[in-house]
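# Reading the structure
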Amino acid sequence: MIIDDINGTVELSNGVKMPYFGLGVFKTKDGEEVENAVKWALEAGYRHIDTASIYNNERGVGNSIKASGIPREELFITTKIWNDRQRNQTVLEGFEESLKLLQTDYVDLYLIHWPVKEKFNQTWKVLEEIYRSGRAKAIGVSNFLEHHLKELLPTAEIMPMVNQVECHPYLVQQSLIDFCKSYDIVYEAWSPIMRGKVNELPLFIKLAEKYQKSPVQIVLRWDLQKGIVTIPKSVQRERIIHNANIFDFALTGHDMDLIDALDRDEHFGAHPDTFDF
Ligand SMILES: NC(=O)c1ccc[n+]([C@@H]2O[C@H](COP(=O)([O-])OP(=O)(O)OC[C@H]3O[C@@H](n4cnc5c(N)ncnc54)[C@H](OP(=O)(O)O)[C@@H]3O)[C@@H](O)[C@H]2O)c1
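Computed from a predicted structure; not experimentally measured. (Residues numbered from 1 in each chain as written. Predicted model: local features only at pLDDT ≥ 70, side-chain atom pairs only at ≥ 80, totals over all residues. Heavy atoms only, no water.)

Attention now goes to helix H8 (residues 202-211). Among the residues of H8, Leu203, Phe204, Leu207, Ala208 and Tyr211 are the ones counted as buried. Projected down its long axis, H8 carries its buried residues within an arc of 135°, all on one side. The outward face of H8, more than 90 degrees from its buried face, is lined by the exposed residues Pro202, Lys206 and Glu209. Where H8 is buried, its residues contact helix H9 (215-225) and helix H11 (253-260). One or two positions beyond H8, positive phi appears at Gln212, with a value near 55°. (Buried < 20%, exposed > 50% of the residue type's maximum accessible area, 1.4 Å probe, protein only. Helix = DSSP H or I, 4+ residues; strand = E, 2+ residues; numbered from the N terminus. Arc of directions from axis to C-beta. Contact = heavy atoms within 4.5 Å.)

Quantified by volume, the largest pocket comes out at close to 790 Å³. In terms of lining residues, the largest pocket is bounded by 34 residues, among which Phe26, Lys27, Ser191, Arg195 and Lys233 are the most central. Examining the composition of the lining of the largest pocket, we find that three residues originate from one element, helix H10 (residues 237-243), more than from any other. Residue classes in the lining of the largest pocket are distributed as 15 nonpolar, 14 polar and five charged. Taken together, 14 residues line the second largest pocket, and the ones lying closest to its centre are Lys181, Ile185, Tyr187, Lys226 and Gly227. Breaking the lining of the second largest pocket down by element, the ones donating at least two residues are strand E1 (9-11), helix H7 (174-182) and strand E9 (186-190). Broken down by element, the residue count for the lining of the second largest pocket peaks at three residues, all from H7. The residue makeup of the lining of the second largest pocket, split by class, is seven nonpolar, three polar and four charged. (1 Å grid on protein atoms, 1.4 Å probe; cavity = no way out; pocket = protein on both sides within 12 Å on 5 of 7 lines; lining within 4 Å. Points joined across faces, edges and corners; volume = space filled by probe spheres on them. Nonpolar A, V, L, I, M, F, W, Y, C, P; charged D, E, K, R; others polar.)

For the rest of this paragraph, the subject is the packing of aromatic side chains. Two numbers describe a pair of aromatic rings. These are the distance of the centres and the angle of the planes. Per the stated rule, a full pass over the model turns up 14 aromatic pairs. Taken together, a centroid distance of 4.7 Å and an interplanar angle of 65° make the contact between Phe95 and Tyr110 edge-to-face. Here Phe95 is found in helix H4 (residues 91-102), whereas its partner Tyr110 is found in strand E6 (residues 109-112), with 15 residues between them in sequence. The exposure class assigned to Phe95 is buried, which follows from its relative accessible area of 0%. Connected via pairs of aromatic rings, a cluster forms that spans Trp82, Trp114, Trp190, Phe275 and Phe277. In this structure, Arg221 packs its charged tip against the face of Phe249, placed 5.7 Å from the ring centre. One cation-aromatic arrangement involves Arg264 over Tyr170; the distance from NZ or CZ to the ring centre is 3.7 Å. (Phe/Tyr/Trp six-rings, centres within 6.5 Å; stacked < 30°, edge-to-face > 60°. Lys NZ or Arg CZ within 6 Å of the ring centre and 35° of its normal.)

Moving on, we come to the site of the ligand. Asp50, Ser191, Arg195, Lys233 and Ser234 are the nearest of the 29 residues found near the ligand. Taking Phe26, its main chain carries an N or O atom lying 2.9 Å from an oxygen atom of the ligand. In the environment of the ligand, an oxygen atom lies 3.4 Å from a nitrogen or oxygen atom belonging to the backbone of Met194. Judged by its atoms lying within 2 Å of the grid points, the ligand is housed in the largest pocket. Here the shell around the ligand gets three residues from one element, more than from any other, and that element is H10. In terms of residue class, the shell around the ligand is built from twelve nonpolar, twelve polar and five charged. (Near = heavy atom within 4 Å. Polar contact = N/O pair within 3.5 Å; in protein donor to acceptor, adjacent residues only side chain to side chain. Sits in = over half its atoms within 2 Å of the grid points.)

Time to look at the pairing of E9. Burial analysis of E9 places five of its five residues in the buried class, the great majority of the element. Two elements, strand E8 (residues 162-166) and E9, share five bridges in a ladder whose sense is parallel. Paired with Glu166 across the two strands is Trp190, which belongs to E9. For the crossover from E8 across H7 to E9, the handedness is right-handed. For E9 and strand E10 (residues 229-230), the ladder comprises two bridges, and the chain directions are parallel. (Pairing = 2+ DSSP bridges. Right-handed = clockwise from strand over helix to strand, strands pointing away.)

What follows is the structure, encoded as structure tokens:
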């Protein structure tokens, strides 16, 4: 894969093209904060925005997109169904509320946010229905480990196209990456810059000097060279621009391996088997 452009894409199993780089908006406040973050990202060339109903900022994302004047078909918008709506079986209502807040007729990608036990197979049926209606161009899952996928896949009529999981140098989960690949499921990283902590890792400080880039830029480039879609979050204009400045260099295979070797199976966020929300 050639990675030389912020608008480069990976092709999902149904042919939809997903930009491999985007803006995450977790913990970004609705209103001015998210509207500015999305505005600055779009100005910097981003075309992929990752939100979720639980982030409570879909309205602001929608406002900013609308104000940008960028044709809808040039954008890639992801949102996710929250756990309570899986538990009380109001998935379709949740989806429709998201569309309304985002002020759009469709999302590009709709995800099951977490694998709620004994519910996610049922939720998936609703996502399949949404997909068939054309109101989600692609559907997928988030925080699914191999055993969750093994439970979902036999009953799925439509295969998930994406799995968005926590992924960074301390949590590579190469076997999950390989498993997803074998089912043509695109792997997407959340918390790709370890919420800023990557700046403190000695290997990254060294590589940053070698490539004349920052540790954050190195880790985002590592994602893309591994074929992983990445969605760093920032609400700061300079950082939004800085994080996207990764298309003019390439890590060597040896340096990719050095980063892979940092893996210690460490989750910073909730674990998909023990989350309690
Ligand atoms: N599916 C899921 O369950 C799930 C869970 C978590 C996240 N996500 C998605 O993934 C996205 C990214 O993950 P994340 O937000 O958890 O973490 P992240 O992108 O790894 O890190 C974001 C943090 O790093 C800071 N930051 C951004 N650019 C920086 C830079 N150049 N130098 C230093 N610090 C920088 C940000 O602060 P400032 O904003 O102040 O710049 C923010 O505190 C989320 O926004 C969300 O869309 C999904």
